[in-house]
Each structure stands twice: as C-alpha cells, then as structure tokens.
Amino acid sequence: MLGRLNHVAIAVPDLQAAMRLWRDVMDAEVKGPVDQPDHGVRVAFVELPNTRIELLEPLGADSPIANFLKRNPSGGIHHICVEVDDIHAARDRLKEQGIRILGDGEPKIGAHGLPVLFLHPKDLFGTLLELEESGEASKS
Ligand code: CO
C-alpha cells in the first residue's frame, strides 16, 4: 500500500526566515512560497535528492498549524507524507482497521495538485501522517 516518502513537513513561525536558512545557509534548492488557503498554510519546498522538506507557515486566522506553533513557538516537525497508489483504497482499508481520518474523510487537493488526506496522530503513535496519491493509479 505505502510508496515513497514524499516529504517531511516542518512548521515554522517565519517562512521567509526558514527559506533563507535552507537556501543560503544549508545551500539547498528552495521552491515557493505558495499560498494554500484551502489548507490554511503558506508552503515552500526544500528539494533534496531523495525527498523534500515542506516548510509550513500559518495562513489565515484558523490555520490548522496555529496551535502547533503555540506549543512549539520556534517550530518543529509537523507531519510526514507517504505516497499511495490509490488514496480511496488506502483510506477505506485504514478505516476498516480502525484508523481515524482527519476532517470529513474525503481527500483534498494538496500542495502538489494531488489528492491528500491526514490520519489521526493518536492512531499512529503520535505522528501526523499525510497520504498523497502518487498519480500512478490515475495514469494506468
Ligand atoms: Co504535507
């Protein structure tokens, strides 16, 4: 069911400062920022050879990462994202296994224009896991 690690997401209080760190100090390729009002975040991506790091800054008053940053004012690892071939099949299988899906349980279009959903961290030993459809299912 699970495919590649797509990204690790870090919530940050200042996206421009985080982008400067990764671009200028860490000497990495950084893309963005992009506003994602549907998800309540502004996003930039640090491109690495085998994966990427997603930098997240709150966007709007009711951003889902606002509370996380209250608890972690200097930022921190927020979630990891793993690819799946078929997100509806993965969702149905996990629900049968008792894993809770956040929100209304329907995939939303994520940062890469592909469907994503989030699994409840309490059902995953404290880790917020994002699933992203890799696009392989829709190609075949
Ligand atoms: Co993500």
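Here is what the cut-offs are and how they apply
The numbers attached to residues start from 1 for each chain and follow its sequence in the written order. Reporting of local features is limited, given that this is a predicted model, to residues whose pLDDT is at least 70; pairs of side-chain atoms are given and counted only at 80 or more, and all residues count toward the totals for whole chains, interfaces and linings. Water and hydrogen atoms were dropped before computing side-chain values, which therefore reflect all heavy atoms in the structure. What counts as a ring pair is set by centres within 6.5 Å for rings of Phe, Tyr and Trp (its six-membered ring), and what kind of pair is set by the plane angle: stacked under 30 degrees, edge-to-face over 60, tilted for all other angles. Whether a charge lies above a ring is judged from NZ of Lys or CZ of Arg, which has to be within 6 Å of the ring centre and within 35 degrees of the ring normal. Donor selection uses N, O and S atoms within 2.8 Å of the metal (3.2 Å for Na, K and Ca). Since no water is included, sites may look incomplete. Under this scheme a four-donor centre is tetrahedral when all angles range from 85 to 135 degrees, a four-donor centre is square planar and a six-donor centre octahedral when opposite donors are above 155 degrees with the rest from 65 to 115, and any other centre is irregular. For every residue, the accessible area (1.4 Å probe, protein chains only) is compared with the maximum for its type, and the residue is labelled buried under 20%, exposed over 50%, or partly exposed between those bounds. Take the buried residues of types Ala, Val, Leu, Ile, Met, Phe, Trp, Tyr and Cys, join any two whose side-chain atoms come within 4.5 Å, and each joined set is a nonpolar core. Only DSSP runs of H or I covering at least 4 residues are called helices, and only runs of E covering at least 2 are called strands; the numbering of each starts at the N terminus. A contact between two residues is defined here by any heavy atoms of the two lying within 4.5 Å. Strands were regarded as paired on the criterion that DSSP finds at least two bridges between them. Under this scheme, a helix contributes an axis fitted over its contacting stretch, all axes are lines through C-alpha atoms, and angles between N-to-C directions fall in the 0 to 180 degree range. The directions from the helix axis to the C-beta atoms form the arc being described. Pairs of N or O atoms are called polar contacts if they sit within 3.5 Å, as long as, within protein, a hydrogen donor faces a hydrogen acceptor (for residues adjacent in sequence, only side-chain-to-side-chain pairs). How sure the predictor is of each residue is captured by pLDDT, a score from 0 to 100.

For the structure shown, the criterion picks out zero aromatic pairs. Stacked on the ring of F45, the Lys or Arg R52 has its end atom at 5.6 Å from the ring centre.

Turning our eyes to something else, we now look at the coordination of the cobalt ion. Taken together, H7 (NE2), E54 (OE), H79 (NE2) and E130 (OE) make up the full set of protein donors to the cobalt ion, lying 2.0 to 2.5 Å away. Metal-centred angles of 86 to 174 degrees between the four donor atoms at the cobalt ion mark the site as irregular. Residue E54 is classed as buried on the basis of its relative accessible area of 4%.

Residues I10, V12, L15, A18, M19, W22, A28, V30, A44, V46, I53 and L55 constitute the largest nonpolar core, which totals 12 residues. Going through the elements one at a time, α1 (15–25), β3 (41–47) and β4 (52–58) are the ones with two or more residues in this core. Ranked by the residues each element gives to this core, the list is headed by α1, at four residues. The residues touching V46, leaving out its near neighbours within four places in the chain, are W22, A28, E29, V30, T51, R52, I53 and L55. By size, the runner-up hydrophobic cluster in this structure holds 11 residues, among which are I87, A90, I99 and I101.

Strand order in the open sheet formed by eight strands is β2-β3-β4-β1-β5-β8-β7-β6, and the pairing between neighbours is mixed. What marks the edges here is a single partner per strand, and that holds for β2 (29–36) and β6 (108–109). The pairing of strand β7 (residues 115–119) with strand β8 (residues 129–133) spans four bridges and is antiparallel. By the bridge assignment for β8, L119 is matched with L129. Running over the sheet, helix α3 (residues 87–96) touches β5 (76–84), β7 and β8 and is turned about 145 degrees from β8.

Looking at α3, one finds that the buried residues are I87, A90, R91 and L94. The buried side chains of α3 occupy one side of the element, clustering within an arc of 100 degrees when seen end-on. Buried residues along α3 sit against β5, β7 and β8. Two or three places before H88, at the opening of α3, D86 has a side-chain oxygen 3.1 Å from that residue's backbone nitrogen. Of the residues one or two after α3, G98 is the one with positive phi, at around 90 degrees.

In this section: the confidence of the model for the chain. Should the pLDDT be low somewhere, the predicted coordinates at that spot are not to be read in detail. Averaged over every residue, the pLDDT of the chain is 93; residues scoring 70 or more account for 96%. Element-level pLDDT for the chain is lowest in helix α4 (residues 136–139), with a mean of 51, against a maximum mean of 98 in α1.

Here the amide bond leading from G32 into P33 is cis, since omega sits at 5 degrees, within 30 degrees of zero. Mapped onto the secondary structure, P33 falls in strand β2. A positive phi angle is found at D27, which is not glycine, with a value near 60 degrees. Residue placement: D27 occurs in the loop between α1 and β2. Phi is positive for F125, close to 55 degrees, though the residue is something other than glycine. Looking at where F125 falls in the secondary structure, it is placed in the loop between β7 and β8.

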